[in-house]
Every structure is written in structure tokens, then in C-alpha cells.
Amino acid sequence: LHLNSFFSLGNLIDLNINENKIKIIKKESFIGLDNLRKLDLSNNLIESIEEKGFYGLFSLSELDLSYNTIEIIKNRSFFGLDNLRKLDLSSSSIGSFEDEAFYGLHNLYELNLRFNRIKIVKKKSFFGLDNLIKIILRSNLIESFEEEGFYGLKNLIELDFSYNKIKIIKNRSFYGLDNLKLLHLGSNLIELIGEGGFNGLFSLTELDLSHNKIEIIKNRSFSGLHNLKKLCLNANSIASFEDGAFL
């Protein structure tokens, strides 16, 4: 796609270009589409998105980039998408994203990254996504997440980490997610929940730890989860609970 490809289509609201052979989103490819609300670029061959590739799509609320071969989300790939609400990057071979990959997406409420190749959630990976409500990271290769990996996600309600390769829940792993209500950690390789592993999840109501490899529930494994209403520990190898496991 090249500069001014759609310049004369200023009244377009919905643009579907899925199942084609687009490889690169070049700078300002969509200039002129001031009223576009929905853009579907799924099932292409997209390998890279240049900085300001989507600049000019000021009204866009939904962007589908699923089933591509992007691999790396570079800095400011989505700059200018001030009103974007839903971003689908599932099944796109993504292994990593740079520090400011999601810069400018202040109104995004759902981010779908499932079925990719992400191995680690680094510090401040999602910084700037102030209004994000839901992140889907299921079916990746995630083994760990750094402290403050979810820094700034004060409005997040649902986080899906199921079907990954997480082995240990460390202290303060989810610190800062004050409003999180749903946490999915099922079908991982979790063997150990460290003391205070869920510290800071004051609003959590549902926690799924099913289909893991937990053998013992240690002291204060679930401390601070005062609003928890549903806890799934089925299909583990639990043999015992230490005193104070749920204090």
C-alpha cells in the first residue's frame, strides 16, 4: 500500500481488504479516509508496518490485522489512531514488540494477541494503554513476565494468559492491576505460586489455575484476594494445602 492509495474515498466507513497479498503498510497509506470506522486487513502477508502507517485514520475504532506474518511490532506503528477501540493482532507470528509499539492508543479497550510467539512480557510492555479493559495473550510461548510488566493498566478488567508456558507465579507479578476482575492462567506449566504472587489484585473475582502442575498450595499463596468468588484448581497434582494458604 502506498501514500494516497485511498485519497478520493473520504466518505468510506468500512474497508475490507482481507485475504489478499499485502506485505507492507507504508507511511500514511490511508490518508484521506477521515471517516473510516472499521478496517479489515486480516489474512494477508503483512510483514511490517512503517511508523505512521495508519496515520490519518482519526475516526477508526476497529482494526483487524490477524493472520499475517508481522513478527515484530515496531515503535509507533499505530500512531494517530486516537479513537481505536479494538485491535486484533492474533495469529500473526508476533514474537516481540518494541517499547512504544502501542504509543498513542489511549482509547483502546481490547487488545487481542492470542496465537502468537511472544515469550516474555517485559517491563511496561503496555505502557500508554490507559483505558485498556481486556488483553488476550492466550496460546503464546510466554514463560515469564517482568515486574511492572503491566504498568499503567489501571483500568484492566480481564487478562487471559491461558495456554502458555508459565512455571512460576512470582511475588507482585500482577502488581498495579487494581481493577482486574478476571485472570485466566489455565493450561500452563505452573508448579509454584510464590507468597504474595497475587498481591495487589484487590478487585479480582475469578481466578483460573486449572490444568497446571501445582502439587502444594503454600502459605499465603492467595493473600489479599478478598473479593475472590470463583477459584479453579482442577486438573492439577495438588496433594496438600499449607496452613494459611488462603489468608
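See the structure printed just above.
Here's a quick rundown of the structure. (Residues numbered from 1 in each chain as written. Predicted model: local features only at pLDDT ≥ 70, side-chain atom pairs only at ≥ 80, totals over all residues. Heavy atoms only, no water.)

## Quick word on unusual backbone geometry
The following threshold applies: Whether a residue is buried, partly exposed or exposed follows from its accessible area with a 1.4 Å probe, protein chains only, as a fraction of its type maximum: under 20%, in between, or over 50%, in that order.
Located in the positive-phi region is Phe115, a residue other than glycine, with phi close to 55 degrees. On the accessibility criterion, Phe115 (49% relative accessible area) is partly exposed. A positive phi angle, close to 60 degrees, is found at Tyr163, a residue other than glycine.

## Focus on the pattern of salt bridges
Rules: Whenever a carboxyl oxygen of Asp or Glu lies within 4 Å of a side-chain nitrogen of Lys or Arg, that contact is scored as a salt bridge. Helix and strand definitions here come from DSSP, where helices need a minimum of 4 consecutive H or I residues and strands a minimum of 2 consecutive E residues; each element is numbered from the N-terminal end.
Taken as a whole and judged by the stated rule, the model has five salt bridges. With a closest N to O distance of 3.2 Å, Glu100 and Arg76 form a salt bridge. With a gap of 24 residues between them, Glu100 in the loop between β8 (96-97) and β9 (110-112) and Arg76 in the loop between β6 (72-73) and β7 (86-88) connect regions that are remote in the sequence. By relative accessible area, Glu100 is classed as partly exposed at 34%. With a closest N to O distance of 3.5 Å, Arg138 and Asp160 form a salt bridge. With Arg138 in the loop between β11 (134-136) and β12 (144-145) and Asp160 in strand β13 (residues 158-160), this pair connects stretches of sequence that are 22 residues apart. Judged by its relative accessible area of 9%, Asp160 falls in the buried class.

## Some details on a nonpolar patch on the surface
Selection rule: Residues enter a patch when their relative accessible area is above 30% and they make no salt bridge; the linking distance is 9 Å between like charges and 5 Å between nonpolar side chains (Val, Leu, Ile, Met, Phe, Trp, Tyr). Areas reported as accessible are Shrake-Rupley estimates using a 1.4 Å probe. Residue values count occlusion only from the protein chains shown.
Where nonpolar side chains cluster on the molecular surface, the patch consists of Leu231, Phe241 and Phe246 and spans about 300 Å² of accessible area. Topologically, Phe246 is positioned in the segment after β20 (240-241).

## Here we look at the packing of aromatic side chains
Spelled out, the test is: Ring geometry is summarised as follows: Phe, Tyr and Trp rings, the Trp one being its six-membered ring, pair when their centres sit within 6.5 Å, and such pairs are stacked at plane angles under 30 degrees, edge-to-face over 60 and tilted between the two. Charge-over-ring placement is defined geometrically: NZ (Lys) or CZ (Arg) within 6 Å of the ring centre, and within 35 degrees of the ring normal.
Enumeration over the complete set of coordinates arrives at 18 aromatic pairs. Between Phe150 and Phe161, the ring centres sit 5.8 Å apart and the planes meet at 75 degrees, which makes this aromatic pair edge-to-face. Of this pair, Phe150 sits in the loop between β12 and β13 while Phe161 sits in the loop between β13 and β14 (168-169), and the two are 11 residues apart along the sequence. As far as the burial class goes, Phe150 and Phe161 line up, both buried. Taken together, the ring pairs connect Phe30, Phe54, Phe78, Phe97, Phe102, Phe126, Phe145, Phe150, Phe161, Phe174, Phe198 and Phe222 into an aromatic cluster. Here the guanidinium or amino end of Lys124 rests over the ring plane of Phe127, the centre of that ring lying 5.9 Å away.

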